[in-house]
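# Architecture and fold: a report
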Amino acid sequence: MSDTSVNIVIGGEAGQGLVTVGDFLSKALVRAGYEIVVSQDYMSRVRGGHNTYAIRTSPDPVLAPKDEIDILVALNAETVSLHSDALSERAVVLADESVSFESKRRLKVPFKELIPKTIFENTAALGILAQLLCLEKTWFHRLIEETFSKKGKEIVQQNIDVFEGAFAWSQENDVSFECIAPATRTEKRLRLHGNEAIALGALAAGVNFCSFYPMTPSTSIALNLIAKGERMGLVAEQAEDEIAAVNMALGASFAGACVLVPTSGGGFALMTEGVSLAGMTETPVVFALAMRPGPATGLPTRTAQSDLNLVLYAGHGDFVRAIFTPGDIEECFYLTWKAVDLAERVQSPMFILTDQFLADSYRAVAPFDLDSLADVTKPDLSEEPDSNYMRYAMTKNGVSPRKLPGFGEFLVIADSDEHTQDGHITEDLAVAVDMADKRMRKMDILKEVIVPPTLDGDDIPELLLVCFGSTKGAALEAASMLREAGGKVAVIHFSQVYPLDSAHFLDVFESADRVVFVEGNVTGQFADLVRKETGFEADDRILRYDGLPFTAAYIIDRLEATR
Amino acid sequence: MVSVDEYGEFETAWCPGCGNFQILKALKQALAGLGLKPHQVLVCSGIGQAAKTPHYLKCNAFNGLHGRSLPPATGAKLANKNLAVVVTSGDGCNYGEGGNHFLAAVRRNINITLLAHDNQIYGLTKGQASPTTLKGQKTKAQPFGAPSDAFNPVAVAVAMHAGFVARGFSGNVDHLADLIQQGIQHEGFSLIDISQPCVSFNKVNTFGWYKERCKPLPEDYDPTDWGTAMNTAMQFGETIPQGVIYKNDRPAFGSNIPAMQGEPLARRNPDLSVLAEILEEYA
Ligand SMILES: Cc1ncc(C[n+]2csc(CCOP(=O)(O)OP(=O)(O)O)c2C)c(N)n1
Ligand code: SF4
């Protein structure tokens, strides 16, 4: 499979509007039928610094970001100097004429002439990009209308004029960039990033309560829930801190809300006492944790997969949990739905673990099949009086019937101390043992519904790449490049990292000549987990922890280096 | 009519003579007096001797973590505003470990009632200074005297224009029950800070000490006058004024939020046709 993709990187300072250009272009591309993978690299500041918005696009599926740049839109000089080493052979650089940079394949854009006011620079850049890529202008006209109609007809027309002017200018100053191949898709698709898909999956599952404390890169989960959830009866509250956020969610869940708590590593660290409380009180709660590099505040806006251990071991004492690690947008949606259902079914905390790259990465996806979704498990809403009701009644599978306070003449009692079946505090040690066993029996349910890892490529590979979460795309692309070069290569991707069932993967691991874990952390946390659970020792670990997402080229370079 | 007996009678782990017994009695009296049935009431608590209260009362209960009584209470009230939500916990729990939640609850003005069993000491962990321990009071953990100025929760709540702020005394059960009733009836956040002797670990603020100082507010006291309330709230010494120190009619949390109206969240099922429309917005 030859690479049909074009990699467009828009760079500049925060506040210069590069996200506007990127959002417009990626939306136009999706509507025009193209595939996209967006990676957003930004600094932890509101103005200034150096940020990029990269769109890799193609009529064919694209899986991951790419290092080589085909079109560089430099909103300032720094972008040119920082990225000129990454330009591909056919690359075009588009920068204002005042930026000094000599190259035959450069468009010196007289932005000042093309626009009446600086705020139109973004629209001018879009006009040039549309011409270079040979995209139909109507996609942009329509987007301009949708975006600016609120501001009045005049603004719409001004933007269209700027767009047309810039388009015409670049036709005259042609650097003959090879058009992107025509798109073949015509059906409607959505443009979503990971956090949006999580929010939508949560709404689909009936999440109607969200308490949170803002922390990049998780915040947009809450913001999407707030923006869209109102119409579905969702109540949201920005808590005073993460400790309050989780405890508030537990109180709401206890009283019958269906809850989601979005956070990131540093915030989740504060929530761990609440995780343990959820385990003890058997209160359903779903955490969506978007990882960024640590320790502590780390690199606030960059990506990592280094909080697996935190999530795996968060909370004191023993209780059951499941950890989902979606690899793409569809999985963000469906696994969030599943996590919510499991939390309600098993009455224990569940986790969706993503990272900044996936959180902010737009893709084109088919509209989700809402009809295919089953009903999520619900508490028992019957109102019949029940004077013998016991919140923690002993059951075979460990799950006790869950009723809600205030829904009938019975009492519901939850307790963080060890408790009797009716929820009252106890120091009877025999009861403590029974209760601990009851809580752990729920693990059997979790084991029955594990999402098995997906194997892609040769069944008995020479090289097996093992990954979880957002590394999926880069690993798949690397494997397909290696297969084209004649290698027998496969990828096994885990969308659920806990619990694991060795029957799902150990055979493949053992059949491969070389098993390499590819992870975004310093130690190989997932490889360690697999070893702990199965005794299997990886041959190599490719670990990236510079804050950037994996690319196929990065993996292939490292494979050679570790050989 | 609901009888106090419906709220049950339990064996407790409290020390004989502890003020908690009286507070429990007042709480039962208040709930029954309001005609609330046990299943209509949710009592949330943290950890400590006071926080065991919901176990000694027939009612729904969420006995959570130390310092964390207010957030679950808030969440539960947001999920189901039909529940009468009461919080019972100690001064350490509410003002120490949970200080930030206390401030937030006042600001949020969520319609719940906080009973702070204020014995000016950590009871369950055997006698360390709490945020309300008076400066200089010696304990095993503070052998040279409590080093910090005492926190005045009532003054802080009044300063922040909390919806309803009262001081009560466990030794005056009927008066306390009346305050609790008023607090529950108040639409918004209510703080009732209750002076409570800890017979085991606080040898300074004893029953006698409180009894001598706890004096009802004058008949003509106007709790809606913030300036007077602020003055009254600062009095914690030779006299500790008892009663509703301050109240206002700030709207309770959620009254302006559409999603907060209507039925409890548990009864809301996701309308997937609405979600389908929402999905369109991402096209
Ligand atoms: C997170 C946490 N920290 C500390 C403790 C230990 N602890 C239990 S109760 C308590 C203090 C209780 O004092 P107070 O809230 O004043 O209640 P009282 O026992 O006096 O009624 C402490 C520190 C705990 N259970 N959890
Ligand atoms: S330790 Fe103090 S507060 Fe606790 S029960 Fe005993 S007397 Fe009451």
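Our subject is the structure listed above.
Residues numbered from 1 in each chain as written. Chains lettered and ligands numbered in written order. Predicted model: local features only at pLDDT ≥ 70, side-chain atom pairs only at ≥ 80, totals over all residues. Heavy atoms only, no water.

## A short note on the overall build of chain A
The helix and strand tally for chain A stands at 19 helices and 21 strands. The globule rule puts the C-alpha radius of gyration for 563 residues at 24 Å, and the 26 Å found for chain A is close to it. Considered along the principal axes of its C-alpha atoms, chain A spans approximately 85 × 60 × 40 Å. Out of the 563 residues belonging to chain A, those deemed buried represent 62%. Within chain A, contacts between residues separated by at least 24 positions form 74% of all contacts whose residues are at least 6 apart in sequence. When the accessible surface of chain A is totalled, it reaches about 21000 Å², and 50% of it is carbon and sulfur. (Helix = DSSP H or I, 4+ residues; strand = E, 2+ residues; numbered from the N terminus. Rg over C-alpha atoms; globule rule 2.2 N^0.38 Å. Buried < 20%, exposed > 50% of the residue type's maximum accessible area, 1.4 Å probe, protein only. Contact = heavy atoms within 4.5 Å. Areas by Shrake-Rupley, 256 points an atom, 1.4 Å probe, with all protein chains shown as cover.)

## Some points on unusual backbone geometry
The peptide bond linking Thr216 of chain A to Pro217 of chain A adopts the cis configuration, its omega dihedral lying at 0°. The peptide bond linking Tyr498 of chain A to Pro499 of chain A adopts the cis configuration, its omega dihedral lying at -10°. Along the chain, Pro499 of chain A falls in the loop between β19 (496-498) and α17 (506-511). Residues other than glycine seldom take positive phi values, yet Glu282 of chain A does so here, at roughly 55°. In this structure, Glu282 of chain A sits in the loop between α10 (265-281) and β11 (285-291). At His161 of chain B, a residue that is not glycine, the phi angle is positive and equals roughly 60°.

## Remarks on the packing of helix α4 (residues 121-133) of chain A against helix α6 (residues 153-172) of chain A
Residue and element names in this part refer to chain A. In the contact formed by α4 and α6, the axes pass within 7 Å of each other and the chain directions differ by 45°. Taken together, α4 and α6 sit at an angle that is classed as oblique. Our pair here, α4 against α6, has a crossing hand that is right-handed. Across the interface between the two elements, Thr123, Ala124, Leu126, Gly127, Ile128, Ala130 and Gln131 from α4 touch Asn159, Val162, Phe163, Ala166, Phe167, Trp169, Ser170 and Gln171 from α6. Residue composition of the contact of α4 with α6, grouped by class: nine nonpolar, six polar and no charged. (Axes fitted to C-alpha atoms, helices over the stretch in contact; angles between N-to-C directions. Parallel < 35°, antiparallel > 145°, perpendicular 65-115°, else oblique. Left-handed = near helix turned anticlockwise from the far one by under 90°. Nonpolar A, V, L, I, M, F, W, Y, C, P; charged D, E, K, R; others polar.)

## Structural notes on the pairing of β11 of chain A
Residues and elements named next belong to chain A. Taking burial as the measure, the seven residues of β11 include seven buried ones, the bulk of the element. Where burial is concerned, the two faces of β11 agree: the one with Val285, Phe287, Leu289 and Met291 and the one with Val286, Ala288 and Ala290 are both buried. As paired elements, strand β10 (residues 259-263) and β11 share four bridges and run parallel to each other. Residue Leu260 lies in a different strand from β11, and its bridge partner there is Val286. In this fold, β10 hands off to α10, which returns the chain to β11; that crossover is right-handed. (Pairing = 2+ DSSP bridges. Right-handed = clockwise from strand over helix to strand, strands pointing away.)

## Notes on the site of ligand 2
Around ligand 2, the structure places Trp14, Cys15, Cys18, Asn20, Gln49, Asn119, Gln196, Cys198, Val199, Ser200 and Phe201 of chain B. Per-class residue counts for the shell around ligand 2 are six nonpolar, five polar and no charged. (Near = heavy atom within 4 Å.)

## Section: the site of ligand 1
Residue and element names in this part refer to chain B. Close contacts around ligand 1 come from 16 residues, with Gln49, Ala50, Gly92, Cys93 and Gly123 the closest. Ala50 is positioned with one of its backbone polar atoms (N or O) 2.9 Å from an oxygen atom of ligand 1. Here Ile121 contributes a backbone N or O atom positioned 3.2 Å from an oxygen atom of ligand 1. Calculation on ligand 1 without its partners gives an accessible area of 580 Å², and the protein chains cover 76% of this total. Looking at the shell around ligand 1, its residues break down into six nonpolar, eight polar and two charged. (Polar contact = N/O pair within 3.5 Å; in protein donor to acceptor, adjacent residues only side chain to side chain.)

## Section: the sheet that holds strand β17 (residues 463-468) of chain A
All names here are of chain A. Read across the open sheet, the five strands follow the order β16-β18-β17-β20-β21; overall the sheet is mixed. Only two strands of the sheet have a single neighbouring strand rather than two, namely β16 (454-457) and β21 (540-543). Ignoring strand direction, the axes of neighbouring strands in this sheet form an average angle of 20°. Relative to strand β18 (residues 489-494), β16 is paired through four bridges, and the arrangement is antiparallel. Pairing of Asp456 across the sheet is with Val491, part of β18. Contacts from helix α16 (residues 472-484) reach β16, β17 and β18 within the one sheet, and its direction differs from that of β18 by about 170°. The strands touched by helix α18 (residues 525-534) within the sheet are β17, β18, β20 (514-519) and β21, with β20 carrying the most contacts at an inclination of about 130°.

## As for the nonpolar core
Residue and element names in this part refer to chain A. In this structure, Phe494, Phe509 and Phe526 are the most contacted members of the largest nonpolar core, which totals 157 residues. A per-element tally of this core places helix α12 (residues 329-346) first, with 10 residues. Once residues lying within four places of it in the same chain are set aside, the contact partners of Phe494 are Thr325, Pro453, Val466, Cys467, Phe468, Gly469, Leu500, Phe505, Phe509 and Phe526. Counting residues in each nonpolar core, the second largest holds 52 residues, with Ala28, Val73, Leu132 and Leu135 among its members. (Core = buried A, V, L, I, M, F, W, Y, C linked by side-chain atoms within 4.5 Å.)

## Some remarks on the state of the cysteines
Inspection of every chain in the model, using the stated rule, returns one disulfide over all chains. For the unlinked cysteine Cys258 of chain A, the closest cysteine sulfur is that of Cys210 of chain A, found at 12 Å. Not part of a disulfide, Cys93 of chain B finds its nearest cysteine sulfur in Cys44 of chain B, a span of 12 Å. The exposure class of Cys93 of chain B is buried, given its relative accessible area of 2%. (Disulfide = S-S within 2.5 Å.)

## Observations concerning the side chain of Gln120 of chain B
Residue and element names in this part refer to chain B. Looking at where Gln120 falls in the secondary structure, it is placed in the loop between β4 (113-118) and α5 (153-159). Residue Gln120 is classed as buried on the basis of its relative accessible area of 1%. A polar contact is formed between the side chain of Gln120 and the side chain of Asn205, at a distance of 3.4 Å. Not counting residues within four places of it along the chain, the set of residues in contact with Gln120 comprises Asp91, Ser130, Thr132, Thr133, Leu134, Asn202, Asn205, Trp209, Tyr210 and Phe236.

## Topic: helix α19 (residues 552-562) of chain A
Of all the positions in α19 of chain A, only Ala552, Tyr554, Ile555, Ile556 and Leu559 of chain A are classed as buried. Next to the buried residues of α19 of chain A lie β17, α16, β20 and β21 of chain A.

## Points about helix α9 (residues 242-254) of chain A
Because each turn of an α-helix spans 3.6 residues, side chains separated by three or four positions in sequence point in the same direction. Residue and element names in this part refer to chain A. With 13 residues, α9 ought to run about 18 Å at 1.5 Å a step, and its terminal C-alpha atoms sit 18 Å apart, in line with that. Most of α9 is tucked away: 13 of the 13 residues are buried. Two to three positions downstream of the cap, the backbone nitrogen of Ile243 sits 3.2 Å from a side-chain oxygen, assigning the N-cap of α9 to Asp241. Gly256 occupies a position one or two residues after α9 and carries a positive phi of about 110°. (Expected span 1.5 Å × (residues − 1).)

## Some words on the sheet that holds strand β8 (residues 240-247) of chain B
In spatial order, the strands read β15(A)-β2(B)-β1(B)-β3(B)-β4(B)-β6(B)-β5(B)-β8(B)-β7(B); together these nine strands make up an open sheet with mixed pairing. The open sheet has two edge strands, β15 (413-415) of chain A together with β7 (214-216) of chain B, and neither has a second partner. Direction aside, the axes of adjacent strands within the sheet are offset by 20° on average. As paired elements, strand β1 (residues 41-45) of chain B and strand β2 (residues 60-63) of chain B share four bridges and run parallel to each other. From the neighbouring strand, Ser45 of chain B faces β2 of chain B, where its bridge partner is Asn63 of chain B.

## Side note on the interface of chain A and chain B
Listed by partner, the interface residues are 65 residues for chain A and 51 residues for chain B. Across the chain A/chain B interface, buried area totals approximately 5000 Å², and carbon plus sulfur atoms make up 64% of it. Counting across the interface, chain A meets chain B through seven salt bridges. Note that Arg231 of chain A is salt-bridged to Glu281 of chain B, the shortest N-O span being 3.0 Å. On inspection of chain A and its partner chain B, the count reaches 26 residue pairs in polar contact (both at pLDDT 80 or more). Listed by contribution, the elements that provide at least two residues to the side of chain A that touches chain B are β7 (190-192), α7 (194-204), α8 (219-229), β9 (235-238), α9, α10 and β15 of chain A. Here the element with the most residues in the side of chain A that touches chain B is α9 of chain A; it accounts for eight residues. Classifying every residue of the side of chain A that touches chain B by side-chain character gives 32 nonpolar, 16 polar and 17 charged. (Buried area = accessible area lost by both parts, 1.4 Å probe. Salt bridge = Lys/Arg side-chain N within 4 Å of Asp/Glu carboxyl O.)

## Brief notes about a negative patch on the surface
Taken together, the side chains of Asp67, Glu68, Glu89, Asp557 and Glu560 of chain A define an acidic patch exposed on the protein surface. For Glu89 of chain A, a relative accessible area of 79% puts it in the exposed group. (Patch = residues over 30% accessible without salt bridge, like charges linked within 9 Å, V, L, I, M, F, W, Y side chains within 5 Å. Lys, Arg positive; Asp, Glu negative; His and termini not counted. Charge placed at Lys NZ, Arg CZ, Asp CG, Glu CD.)

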